[in-house]
Amino acid sequence: MSYPVETYERLAGEAREIIARYPEGHARSALLPMLHLVQSEDGYVSANGIALCAELLGITRAEVSAVATFYTQYKRHPTGEYLVGVCTNALCAVMGGDEIWEAVSEKVGVGTDETNEAGTITLERLECNAACDYAPVVMVNWEFFDNQTPESACALIDDIEAGKPLHPTRGSAVLPTFKETEHVLAGFLDGHEACRQDEHVCIVVGTREARRLVVPAERCADALVLIERHADAVARAAEADA
C-alpha cells in the first residue's frame, strides 16, 4: 500500500525541499522535519510515510522507525484535529495540574494518548510543557494556554468541540489544527508568522537580569588567571609533599 500518485508527488517534492536545506552528504539530517511533513498529511507517522522517508533518504524503514519511536512528538496512531496536552509534572501538579487532567479526561471521555470518537481531540498527560513560569499549563497543538484551572481547561474543550477559533495565551494569535501545525514544524511557513503575539515579560525576566549582571570579559580573564595560579600552587605543594 502506498500514497496515491498525486499525494506522493506533492509530499516527495516538499521532502526534497527539506533535504536541500542540509549540506551534501548529510541528507539524513532531514529526517526529523520530514516526519513532521508525514504527520501533516496523515496525522501520525504512517507506514506510507516511513516508506517515503526511507526511499528519499536512502536508509531503511527500520532506521526511520527507530527515530519516529524515540521522540514523543511523533505519533504512532492517528491524532485528533487538536492534540491537548496537560502537564502533570512536579510544579504544574502542585499548582493544580492533576485536577485539570482529571477534569479534562472525564469531560472528553478518554485517557492519555487516546482520541475521542469524533476524532477532534487527542489527550496527552505530559511530563513537562517547559512553561513552569505559567503553571499549570495546557498545550494544544504545541501552543500554550497558561495559568489554567479545571474550569478554564474544560471551557477550552467546549470551544474545541463547538468549532470556535482558539486563541493561545501567547505565540500564535489563532490556533492552527494539528496537521497545519505539523506542516509549519516541517519548515513551511503558513503566512501567519507576523501574527505572533508579544512575549510575556515573566519568561524573559531571567534573561534580562542575567544580562544586567553579566561579568565583563576582562574580569572573567582575570579570574581565570587567578584560578590557574592557584592550581599551579596546589600542584607544587603536592609535589613537595611527595
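See the structure printed just above.
For the structure given in this document, a descriptive report is provided here. (Residues numbered from 1 in each chain as written. Predicted model: local features only at pLDDT ≥ 70, side-chain atom pairs only at ≥ 80, totals over all residues. Heavy atoms only, no water.)

The subject of this paragraph is empty space enclosed by the protein. Applying the stated criterion across every chain yields a total of one cavity of 30 Å³ or more. Taken as a whole, the largest cavity holds about 30 Å³ of empty space. Lining the largest cavity we find Leu83, Gly85, Glu124, Leu126, Met139, Val140, Asn141 and Trp142. Among the elements of the structure, strand S1 (82-87), strand S3 (121-126) and strand S4 (138-140) are those that each provide at least two residues to the lining of the largest cavity. In terms of residue class, the lining of the largest cavity is made up of five nonpolar, two polar and one charged. (1 Å grid on protein atoms, 1.4 Å probe; cavity = no way out; pocket = protein on both sides within 12 Å on 5 of 7 lines; lining within 4 Å. Points joined across faces, edges and corners; volume = space filled by probe spheres on them. Helix = DSSP H or I, 4+ residues; strand = E, 2+ residues; numbered from the N terminus. Nonpolar A, V, L, I, M, F, W, Y, C, P; charged D, E, K, R; others polar.)

We now examine the layout of surface pockets. Here the largest pocket is characterised by a volume of approximately 240 Å³. Along the walls of the largest pocket sit Thr72, Gln73, Tyr74, Lys75, Arg76, His77, Thr112, Asp113, Glu124, Arg125, Leu126 and Trp142, which together make up its complete lining. Here the lining of the largest pocket is built from residues that sort into three nonpolar, four polar and five charged.

Moving on to the packing of aromatic side chains. Under the counting rule described, the total for this entry stands at two aromatic pairs. For the ring pair Phe70 and Tyr71, a centre distance of 4.9 Å and an interplane angle of 80° mean the geometry is edge-to-face. Judged by its relative accessible area of 40%, Tyr71 falls in the partly exposed class. Between Tyr71 and Tyr74, the ring centres sit 6.2 Å apart and the planes meet at 85°, which makes this aromatic pair edge-to-face. A connected cluster of aromatic rings, assembled from ring pairs, spans Phe70, Tyr71 and Tyr74. Lying over the aromatic face of Phe188, Arg21 brings its terminal NZ or CZ to 5.1 Å of the ring centre. Geometry around Phe144 places Arg170 over its ring, the cationic atom sitting 3.9 Å from the centre. (Phe/Tyr/Trp six-rings, centres within 6.5 Å; stacked < 30°, edge-to-face > 60°. Buried < 20%, exposed > 50% of the residue type's maximum accessible area, 1.4 Å probe, protein only. Lys NZ or Arg CZ within 6 Å of the ring centre and 35° of its normal.)

Right, let's talk about the environment of Ala173 for a bit. By the element assignment, Ala173 lies in the loop between helix H7 (150-162) and helix H8 (178-185). A C-alpha to C-alpha distance of 9.9 Å links Ala173 and Glu143, two positions 30 residues apart in sequence.

In this section: the sheet that holds strand S2 (residues 114-115). Ordered in space as S2-S3-S1-S4-S5, the five strands form an open sheet in which the pairing is mixed. For this open sheet the edge positions go to S2 and strand S5 (143-145), each flanked by a neighbour on one side alone. For S4 and S5, the ladder comprises three bridges, and the chain directions are antiparallel. Counterpart to Met139 in the pairing with S5 is Phe144. Along the sheet, helix H6 (residues 97-108) makes contact with S1, S3 and S4, crossing S3 at roughly 155°. (Pairing = 2+ DSSP bridges. Contact = heavy atoms within 4.5 Å. Axes fitted to C-alpha atoms, helices over the stretch in contact; angles between N-to-C directions.)

Let us now look at the pairing of S3. Along S3, five of the six residues are buried, which leaves the element largely enclosed by surrounding structure. As judged from the six bridges shared by S1 and S3, these two strands associate in the parallel manner. Paired with Gly85 across the strands is Glu124, a residue of S3. Bridge count between S2 and S3: two bridges; the pairing is antiparallel. The residue bridging Thr115 from the neighbouring strand is Thr122, located in S3. Taken together, S2 and the strand that follows it, S3, pair antiparallel across an intervening segment of five residues, in which Gly119 is found at a positive phi of about 80°.

Take a nonpolar patch on the surface next. Taken together, the side chains of Leu32, Phe70 and Tyr71 define a hydrophobic patch exposed on the protein surface, amounting to about 320 Å² of accessible area. On the secondary structure map, Phe70 appears in the loop between helix H4 (61-68) and S1. (Patch = residues over 30% accessible without salt bridge, like charges linked within 9 Å, V, L, I, M, F, W, Y side chains within 5 Å. Areas by Shrake-Rupley, 256 points an atom, 1.4 Å probe, with all protein chains shown as cover. Salt bridge = Lys/Arg side-chain N within 4 Å of Asp/Glu carboxyl O.)

What follows concerns the nonpolar core. Ranked by internal contacts, the top residues of the largest apolar core, which has 25 residues, are Met34, Leu35 and Val64. Of all the secondary-structure elements, those providing two or more residues to this core are helix H1 (5-19), helix H2 (31-42), helix H3 (47-57) and H4. With six residues, H3 is the largest single contributor of residues to this core. Those residues in contact with Val64 that sit more than four places away from it in its chain are Leu31, Leu35, Ile50, Cys53, Ala54 and Ile59. Grouped together as the second largest cluster of nonpolar side chains are 19 residues, Val108, Phe145, Ala153 and Ile157 included. (Core = buried A, V, L, I, M, F, W, Y, C linked by side-chain atoms within 4.5 Å.)

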